[in-house]
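In case you want the letters, here they are:
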Amino acid sequence: MIASSAQAAGLNDYACPLTPERPYPVVLVHGRGGDVNGFGALVSALNAAGHCVYGTNYGQTNGVGPNGHDHLTVSGGQIHGFIQHVLAATGAEKVDVIGHSAGTGVLNNVILEKDGGGLIHRLVSFGGLHHPYAHVGVPPADSDLFLPNVTLAARLVDPDITMQEIIIGALDLYAGAGGSLAGIDAETAESNFAADLFEPNYWTMLHGGLSEPPEVLLKPLDAGHTLPTADAVHSICYTNIVGAADLVTGVSAGYQDPAPNVDNFLLLSLADHSQILADPIAIAKTLTALGTPCTPAPPPDDTGGSETGEGTTGAPTTGDGGNESGDSSGGGSDSDGDGDGDTGTAPTSDGSSGGSGPSDTSSGDGPPSPGAATGGSTGGANGDDAGCGCTSRSDGALSGLLGVLTLGSLVRRRRR
């Protein structure tokens, strides 16, 4: 499994000793079109903090082509096997895992489809694919497009339409309307990975149901999930880092549903989808998370439960000092005492999103709306730019056209 390109300094040193302070090897999972060497700054920081770090490239279709382009279940099988290899080689009981972009989606396949949750202690996600939303560049503000419902709507018009026909037909329509196709190419659009993004059956299998009712295609000025899903397991602690200036993955795709063991963190910096991997605040947040023991959350119940474990999920209350206080339900407090503020959703407009720890975001007037962020590039590390659906917010590309053009036009074009 270990590709020759994965032999960068600090990676895959099986002589690296595990210690009582660092008992879990750290496994890195790159995104669509990426390479494990894209984690360079993060690997250096992890090594300096005493972590043993491992990674491999994965997801070539039939052994050829770009990394991460195969079906999520195929890529999940490869990463599941690599995690088992690392455990056997190191003698560790579990691993910590870090996913970037679509790599988070691969890890979710390992956990939720392949019952790999027992192998994983913590999961840290950088601009990750937890849910299949894409940003839509529709003036005056960006919105969220729920990709599986696009497929369901298209199949109502033409039950025989294929996933590739939906995606390629949409791209053709967008190009005909003068749209830019930056960040997406035919090879990606035709990939098994892109097909999974639009496939409702896959997401229903993974999460136990879809996070939007069938009539919801586009959610203007919204960032979240209408319907709860089984997107996490209670035995793993999750830290989800989403950048305010990430033009590829936003809150809807990158956050999990609120839970005691889920820490949804909005990074207030100018780091784009690839730069987030080297952002010092994001790295500090990661080191803090990995250095904190994970207390398994209680199984979910109807009352919301108590805030246990590392991650809290409530939105912080307002304040100009930057220290979050919990509300009556226990959300938004720094329950683990690590000083990181444990943000759940975007900070309120008056205060900052962190406590006093090294991984805090800076104080100020609050973040820009995830849909209004500007700056940064549309590409990703080593070509990885498809964490949430293969497109950027700035040009709309694939997702923008699906939100604006009619599915009927798409299907009529196919029939001709």
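Model, not experiment: these values are computed from the prediction.

**Q** Please explain the nonpolar core as it appears in this structure.
**A** Across soluble globular proteins, nonpolar side chains show a tendency to be buried alongside one another. If you look at the biggest cluster of nonpolar residues, it comprises 48 residues, and the most contacted ones within it are Val-27, Ile-79, Ile-83, Val-95, Val-97 and Trp-203. For this core, the element with the most residues is helix 2 (residues 72–90), which contributes six residues. Residue contacts for Trp-203: discarding those within four places in its chain leaves Leu-72, Leu-129, His-130, Pro-132, Pro-148, Asp-196, Leu-197, Gly-208, Gly-209 and Leu-210.

**Q** How should I be thinking about the pattern of salt bridges in this particular structure?
**A** Where side chains of opposite charge bring their charged atoms close, a pairing between them can arise. One pass over the full model with this rule turns up four salt bridges. Note that Glu-212 is salt-bridged to Lys-219, the shortest N-O span being 2.9 Å. Judged by its relative accessible area of 2%, Glu-212 is buried. Here Asp-263 and Lys-285 are joined by a salt bridge, their closest N and O atoms 2.8 Å apart. Placement of the pair is Asp-263 in strand 9 (residues 262–267) and Lys-285 in helix 10 (residues 280–290), with a sequence separation of 22 residues. A relative accessible area of 0% means that Asp-263 is categorised as buried. Under the relative-accessibility criterion, Lys-285 is labelled buried at 0%.

**Q** Quick question: what am I supposed to make of the pairing of strand 4 (residues 120–126) here?
**A** Of all seven residues in strand 4, seven are buried, a share of seventy percent or more. Where strand 3 (residues 95–100) and strand 4 come together, six bridges link them in parallel fashion. Of the residues in strand 4, the one forming a bridge with Val-97 is Leu-123. Taking the sense of rotation as the criterion, the β-α-β connection linking strand 3, helix 3 (residues 102–113) and strand 4 turns out right-handed.

**Q** Explain the packing of helix 3 against helix 8 (residues 200–207) here, please?
**A** Describing two packed helices takes the angle between their axes plus the distance from one axis to the other. Where helix 3 meets helix 8, the closest approach of the two axes is 9 Å, and the angle between their N-to-C directions is 55°. Here helix 3 is positioned oblique relative to helix 8, judged by the angle of their axes. Contact with helix 3, carried on its side by Asn-108, Asn-109, Leu-112 and Glu-113, involves Tyr-202, Met-205, Leu-206 and His-207 of helix 8 and no other residues of that element. Considering only residue class, the contact of helix 3 with helix 8 consists of four nonpolar, three polar and one charged.

**Q** When you look at the packing of helix 1 (residues 40–48) against helix 10 in this model, what are you seeing that I'm missing?
**A** Two elements in contact, helix 1 and helix 10, have axes whose closest approach is 11 Å; the angle formed by their N-to-C orientations is 40°. Relative to helix 10, helix 1 is oriented oblique. Crossing hand, helix 1 versus helix 10: right-handed. Between helix 1 and helix 10, the contacting residues are Ala-41, Leu-42, Ala-45 and Leu-46 on the first element and Ile-283, Thr-286, Leu-287 and Leu-290 on the second. Classifying every residue of the contact of helix 1 with helix 10 by side-chain character gives seven nonpolar, one polar and no charged.

**Q** What's the story with the packing of aromatic side chains in this structure? I'm lost.
**A** Each aromatic ring pair is summarised here by two numbers: the centre-to-centre distance and the angle between the ring planes. One pass over the structure, following the stated rule, counts three aromatic pairs. On the basis of an interplanar angle of 40° and a centroid distance of 4.8 Å, the ring pair of Tyr-14 and Tyr-54 is categorised as tilted. Here Tyr-14 is found in the segment before strand 1 (26–29), whereas its partner Tyr-54 is found in strand 2 (residues 53–55), with 40 residues between them in sequence. What makes Tyr-14 partly exposed here is its relative accessible area of 30%.

**Q** Where do I start with the sheet that holds strand 4 in this structure?
**A** Each strand in a sheet pairs with its neighbour through backbone hydrogen bonds, running either in the same direction (parallel) or in the opposite one (antiparallel). Pairing is parallel in the open sheet, where six strands are placed in the order 2-1-3-4-8-9. Both outer strands of the open sheet, strand 2 and strand 9, are each paired with one neighbouring strand and no more. When strand polarity is set aside, the average angle formed by the axes of neighbouring strands in this sheet is 20°. Contacting strand 1, strand 3, strand 4 and strand 8 (237–243), helix 3 crosses the sheet at an angle of about 140° to strand 3.

Conventions we followed
Residues numbered from 1 in each chain as written. Predicted model: local features only at pLDDT ≥ 70, side-chain atom pairs only at ≥ 80, totals over all residues. Heavy atoms only, no water. Core = buried A, V, L, I, M, F, W, Y, C linked by side-chain atoms within 4.5 Å. Buried < 20%, exposed > 50% of the residue type's maximum accessible area, 1.4 Å probe, protein only. Helix = DSSP H or I, 4+ residues; strand = E, 2+ residues; numbered from the N terminus. Contact = heavy atoms within 4.5 Å. Salt bridge = Lys/Arg side-chain N within 4 Å of Asp/Glu carboxyl O. Pairing = 2+ DSSP bridges. Right-handed = clockwise from strand over helix to strand, strands pointing away. Axes fitted to C-alpha atoms, helices over the stretch in contact; angles between N-to-C directions. Parallel < 35°, antiparallel > 145°, perpendicular 65-115°, else oblique. Nonpolar A, V, L, I, M, F, W, Y, C, P; charged D, E, K, R; others polar. Left-handed = near helix turned anticlockwise from the far one by under 90°. Phe/Tyr/Trp six-rings, centres within 6.5 Å; stacked < 30°, edge-to-face > 60°.

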